[in-house]
Amino acid sequence: MAILKINPISLYDGSQNGLSHAAVATKLGLVFVSGQVDWSKDFAVTNTSMAGQAEAAMENLTTVLEESGSSIDDLLQVRIYVKGEVSDHMEALGPVLSKFIAKARPALTGVGVTSLASPDLLIEIEAIAQLTD
């Protein structure tokens, strides 16, 4: 099976940690997207609010999907990891999720965690999508 590794030049380079932003299983027609966060190219967090970080992570997710030959509309599953209790952040997350994924309505799971890849990160979003027809 052919597997393509996707690493948009506009996003941070995860190669030193052994990761790609996405892996595309071409024969299956599926895109597996690594957790996207609010990191600049130099791994700096650019927003301090949950909504701001969620928006940035969703923009990164959109970039990765498009470079993979997919789109937000082709999402099948989304997992959202938030620092703390998910219910404490729904007011901030609801509008951002609605803006990006309301049309696609993928299977969605929210998971509360104690930490993410850096102390300033509040949210990480991973996904599975199909390739666009």
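Predicted model only: the values in this text are computed from it and were never measured.

**Overview of the packing of helix H1 (residues 50-68) against helix H2 (residues 90-101)**
- Relative orientation of the contacting elements H1 and H2 amounts to 20°, with a least axis distance of 9 Å. Relative to H2, the element H1 is oriented roughly parallel. Note on packing geometry: the crossing formed by H1 with H2 is right-handed. Residue-level inspection shows Met50, Ala51, Ala54, Glu55, Met58, Glu59 and Thr62 of H1 in contact with H2, the latter providing Ala92, Leu93, Val96, Lys99, Phe100 and Ile101.
- When the residues that make up the contact of H1 with H2 are grouped by side-chain class, the tally is nine nonpolar, one polar and three charged.

**Some points on the environment of Ser40**
- You can see Ser40 is positioned in the loop between strand S3 (30-36) and H1.
- Taking C-alpha positions, Ser40 is 15 Å from Leu122, a pair spaced 82 residues apart along the chain.
- Apart from the residues lying within four places of it in its own chain, the contact partners of Ser40 are Tyr12 and Thr46.
- At 2.3 Å, the side chain of Ser40 and the side chain of Asp42 are in polar contact.

Reading the values: the criteria
- Residues numbered from 1 in each chain as written.
- Predicted model: local features only at pLDDT ≥ 70, side-chain atom pairs only at ≥ 80, totals over all residues.
- Heavy atoms only, no water.
- Axes fitted to C-alpha atoms, helices over the stretch in contact; angles between N-to-C directions.
- Helix = DSSP H or I, 4+ residues; strand = E, 2+ residues; numbered from the N terminus.
- Parallel < 35°, antiparallel > 145°, perpendicular 65-115°, else oblique.
- Left-handed = near helix turned anticlockwise from the far one by under 90°.
- Contact = heavy atoms within 4.5 Å.
- Nonpolar A, V, L, I, M, F, W, Y, C, P; charged D, E, K, R; others polar.
- Polar contact = N/O pair within 3.5 Å; in protein donor to acceptor, adjacent residues only side chain to side chain.

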